[in-house]
Every structure is written in structure tokens, then in C-alpha cells.
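Analysis of the macromolecular model
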Amino acid sequence: RLSNPHRVGYRPMLIRFFKNSSAQFLHHVPLRRAIIIPFVLQICATFGITAYLSWRNGQRAVLDVANQLRNEVTDRVTMHLDNFLEQPHLIAKIISKETRRDKLNFTDLQEAEYTLWQLLDIFNSVHATYIANEDGKFIYVKQNKDGSFNSRIVQQSPERSIYQLTPTGERQ
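So, here's what we can say about the structure. (Residues numbered from 1 in each chain as written. Predicted model: local features only at pLDDT ≥ 70, side-chain atom pairs only at ≥ 80, totals over all residues. Heavy atoms only, no water.)

Moving on: the overall build of the chain. Summing up its helical and strand segments, the chain has three helices and four strands in all. When each of the 172 residues of the chain is scored for burial, the buried share is 19%. In the chain, the proportion of contacts linking residues at least 24 apart, taken out of those at least 6 apart, comes to 37%. Summing over all exposed atoms, the chain offers an accessible surface of approximately 14300 Å²; the carbon and sulfur share of this is 58%. (Helix = DSSP H or I, 4+ residues; strand = E, 2+ residues; numbered from the N terminus. Buried < 20%, exposed > 50% of the residue type's maximum accessible area, 1.4 Å probe, protein only. Contact = heavy atoms within 4.5 Å. Areas by Shrake-Rupley, 256 points an atom, 1.4 Å probe, with all protein chains shown as cover.)

Attention shifts here to the sheet that holds strand 1 (residues 128–132). Here four strands make up an open sheet; going across it, the order is 1-2-3-4 and the pairing antiparallel. Edge positions in the sheet fall to strand 1 and strand 4 (159–165), since each of these pairs with one other strand and no more. Within the sheet, the average angular offset between the axes of one strand and its neighbour, ignoring direction, is 15°. Bridging between strand 3 (residues 149–156) and strand 4 involves six bridges; their strand directions are antiparallel. Among the inter-strand pairings, Gln 156 is bridged to a residue of strand 4, identified as Glu 159. Together, strand 1, strand 2 (138–143), strand 3 and strand 4 form the strand contacts of helix 3 (residues 109–122), whose direction differs from that of strand 2 by roughly 35°. (Pairing = 2+ DSSP bridges. Axes fitted to C-alpha atoms, helices over the stretch in contact; angles between N-to-C directions.)

On to a nonpolar patch on the surface, then. Taken together, Leu 31, Ile 35, Ile 36, Phe 39, Val 40 and Ile 43 make up a surface patch of nonpolar side chains, about 600 Å² in accessible area. Following the sequence through the fold, Ile 43 ends up in helix 2 (residues 31–100). Look at Ile 43 and you get partly exposed, because its relative accessible area is 45%. (Patch = residues over 30% accessible without salt bridge, like charges linked within 9 Å, V, L, I, M, F, W, Y side chains within 5 Å. Salt bridge = Lys/Arg side-chain N within 4 Å of Asp/Glu carboxyl O.)

On to helix 3, then. With 14 residues, helix 3 ought to run about 20 Å at 1.5 Å a step, and its terminal C-alpha atoms sit 20 Å apart, in line with that. Among all positions in helix 3, only Leu 109, Ala 112, Glu 113, Thr 115, Leu 116, Trp 117, Leu 119 and Leu 120 are buried. Looking at the buried side of helix 3, the elements it contacts are helix 2, strand 1, strand 2, strand 3 and strand 4. (Expected span 1.5 Å × (residues − 1).)

Here it is, written out as C-alpha cells:
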């Protein structure tokens with residue numbers, strides 16, 4: 001015959017077993033251990049939770065710092081790259097304006113050479129610049145790896161003159 005689970009006083013067998021077992025177990029445990037063990041378990045649980053939360057917050061902090069560093073590096077690289085790529089365009093604009101104003105021409109080759117040298121001296125990321133005309137005349141100023149400057153002038157092709165320039169932009 002099956003017993004009715006809704007009947008008053010019904011205790012499933014498993015619950016009775018654990019209740020009896022735990023009562024017998026607790027009878028044999030000294031009072032000192034019965035008080036100390038839950039306290040130690042509580043301290044261990046608190047320590048474990050605190051360690052886990054600290055570790056998790058540490059990971060978040062490291063990710064935050066890494067993201068900030070990545071953003072800072074990206075911003076600086078972008079700034080330097082923009083500056084580096086903008087300088088040749090500025091030099092081209094200056095040469096174009098000076099040519100239109102007839103300040104940069106092929107009648108005074110040394111003055112044109114000096115103007116190109118000044119542009120290279122001001123814009124240090126550009127190492128060479130030149131102007132040419134439709135007649136084949138050509139003025140080219142270049143900064144060498146050692147910091148010295150050379151000038152090449154073509155007045156009549158294929159003849160060219162090559163000059164070493166002083167640190168002040170004058171021919172040697």
C-alpha cells in the first residue's frame with residue numbers, strides 16, 4: 001500500500017535518514033568543533049569571494065589601462081602621420097605661390113636654390129624638393145643622410161651641375 005504524501009505526519013524516508021544521521025553525527029562532535037567549523041567556513045568563503053572579486057576587478061583595470069594606452073598610441077601615430085603627410089603638400093603650395101609671384105624662377109638660379117634649401121630646412125621630414133619648367137630646366141635640392149645638402153641644376157639637358165651646400169644654404 002502506498003502512503004499518501006499529503007497526510008499529516010508524513011516524512012519521506014530520505015529526510016528521516018538525514019535527520020537521524022545528522023543527529024547522531026552531531027552527538028559525537030565536540031561543542032568546540034561545532035562552533036569553530038562554521039566560523040572557519042565563513043571566513044574561508046569570505047576570503048574566496050573577496051579574492052575572486054579582487055581578481056575580476058584587477059582584470060577590468062588592466063583592460064582599461066590597455067585600452068587607454070592603445071587609444072593614446074593611436075592618437076599620437078595619427079597626429080604624427082598627419083603632420084608627416086601634410087608637409088610635402090605645404091611645400092608644394094609654397095613653391096606654387098612663389099612661382100606665381102615670380103619669386104621663384106629660373107633667372108636667378110642661386111636664389112631659387114636657396115629658397116628650396118630653406119623649405120627643406122624648415123620642413124625636416126622632407127628630404128628633397130625640386131622645380132622644373134617646360135624647357136627642361138631643373139633645380140633639385142636634397143638633404144643627405146649625414147645632414148649635408150646637395151643641389152643639382154640642369155640648364156641644358158643632359159648637362160647638370162652638382163653643388164655641395166653649406167649649413168647656411170650657400171654653395172661651397
